[in-house]
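Overview (structure and organization)
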Amino acid sequence: MLQEMLPYHALTLTTFGKWDKVLAEPLPPEDIRFSYGMASYATGVAHAAKGEWAEAQAALDAVTTIDAATPDGAEGKTSLSVAVHALSGEIATRRGDLDAGIDHFRDAAKIEDAGLYFEPPKWYHPIRHSLGAALLKAGRHAEAEKVYQEDLRRFPENGWSLFGLAQALRAQGKDTEAAAVDARFRRAWPDADVTLTASRF
């Protein structure tokens, strides 16, 4: 349990796109493998967001190695396997290879969906937020709409997917539907001090 909690500050900073703060966080000791792997994932996303590709790849290599050394069914395996594809997707998408990024995010979603139900979920944010954002970047608006609808079925009225869904609808010219979703988003996000530009920073 403690291993799961150690990287959560860095993961929360990652959720909100605080890249410099993520990179300022010290990594856990390498012998605490799960925590080290998840913190490495967070630093990899931050490096990718800053265009620091060698550092992002080094972080991905660390996560991949830890995942490969973690047996199926072991504690933390689901999160580590999701992290490999999620970070691969972040790197590919931010480098402009949208198709590869989308494929990785879809693979991550399959792993996330196949995991046993836990509350809170084992993976720290719904991966469909990343998948939907990548689909929108690729101009695949109808697919993004379906992804956000599915995420809202699983996590009702969450602001991240409501925001992405409104974007997907508006991009398809479904302005009336988009306006209705905008209203739902405002109800879900009334006092937030974070301004979204996508469903994932």
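Check the entry above for the structure.
These notes cover the structure that comes with them. Nothing here was measured: the structure is a model prediction, and the numbers come from that model.

A short note on the overall build of the protein
From N to C terminus, the protein includes eleven helices and zero strands. Its C-alpha atoms give the protein a radius of gyration of 17 Å, near enough to 17 Å, the size a compact globule of 201 residues would have. The dimensions of the protein, computed from C-alpha atoms along their principal axes, are 55 × 35 × 30 Å. Counting across all 201 residues of the protein, residues that qualify as buried make up 47%. Total accessible area on the protein is roughly 10100 Å²; 54% of this is exposed by carbon and sulfur atoms. Of the charged side chains in the protein, 22 are positive and 29 negative; the average position of the first set lies 5 Å away from that of the second.

Looking at the nonpolar core
Generally speaking, soluble globular proteins have nonpolar side chains that are buried together. Ranked by size, the top nonpolar core spans 54 residues in total, and within it Met38, Tyr41, Leu87, Trp123 and Ile127 carry the most contacts. Here the element with the most residues in this core is helix α4 (residues 33-49); it accounts for eight residues. Not counting residues up to four positions away in its chain, the partners in contact with Trp123 are Met38, Tyr41, Ser79, Val82, Ala83, Ala86 and Glu112.

Concerning the packing of aromatic side chains
Scanning all chains against the criterion turns up eight aromatic pairs. Centre to centre, the rings of Tyr41 and Trp123 are 5.2 Å apart; their planes meet at 70°, and the pair counts as edge-to-face. Here Tyr41 is found in helix α4, whereas its partner Trp123 is found in the loop between α7 (98-114) and α8 (128-137), with 82 residues between them in sequence. Neither Tyr41 nor Trp123 differs from the other in exposure class; each is buried. Ring geometry for Tyr41 and Tyr124: centres 5.9 Å apart, planes at 70°, overall edge-to-face. Separated by 83 residues along the polypeptide, Tyr41 in helix α4 and Tyr124 in the loop between α7 and α8 bring together distant segments of the chain. Take Tyr41: its relative accessible area is 1%, and that puts it in the buried class.

Describing the packing of helix α5 (residues 53-69) against helix α6 (residues 77-94)
One can describe the packing of α5 onto α6 by two numbers: an axis separation of 9 Å at closest approach and a directional angle of 160°. Here α5 is positioned roughly antiparallel relative to α6, judged by the angle of their axes. Here α5 and α6 pass one another in a crossing that is left-handed. Along its contact with α5, which presents Trp53, Ala56, Gln57, Ala59, Leu60, Val63, Thr64, Ile66 and Asp67, the element α6 presents Lys77, Leu80, Ser81, Ala83, Val84, Leu87, Ser88, Ile91 and Arg94. Broken down by class, the residue content of the contact of α5 with α6 amounts to eleven nonpolar, four polar and three charged.

Conventions we followed
Residues numbered from 1 in each chain as written. Predicted model: local features only at pLDDT ≥ 70, side-chain atom pairs only at ≥ 80, totals over all residues. Heavy atoms only, no water. Helix = DSSP H or I, 4+ residues; strand = E, 2+ residues; numbered from the N terminus. Rg over C-alpha atoms; globule rule 2.2 N^0.38 Å. Buried < 20%, exposed > 50% of the residue type's maximum accessible area, 1.4 Å probe, protein only. Areas by Shrake-Rupley, 256 points an atom, 1.4 Å probe, with all protein chains shown as cover. Lys, Arg positive; Asp, Glu negative; His and termini not counted. Charge placed at Lys NZ, Arg CZ, Asp CG, Glu CD. Core = buried A, V, L, I, M, F, W, Y, C linked by side-chain atoms within 4.5 Å. Contact = heavy atoms within 4.5 Å. Phe/Tyr/Trp six-rings, centres within 6.5 Å; stacked < 30°, edge-to-face > 60°. Axes fitted to C-alpha atoms, helices over the stretch in contact; angles between N-to-C directions. Parallel < 35°, antiparallel > 145°, perpendicular 65-115°, else oblique. Left-handed = near helix turned anticlockwise from the far one by under 90°. Nonpolar A, V, L, I, M, F, W, Y, C, P; charged D, E, K, R; others polar.

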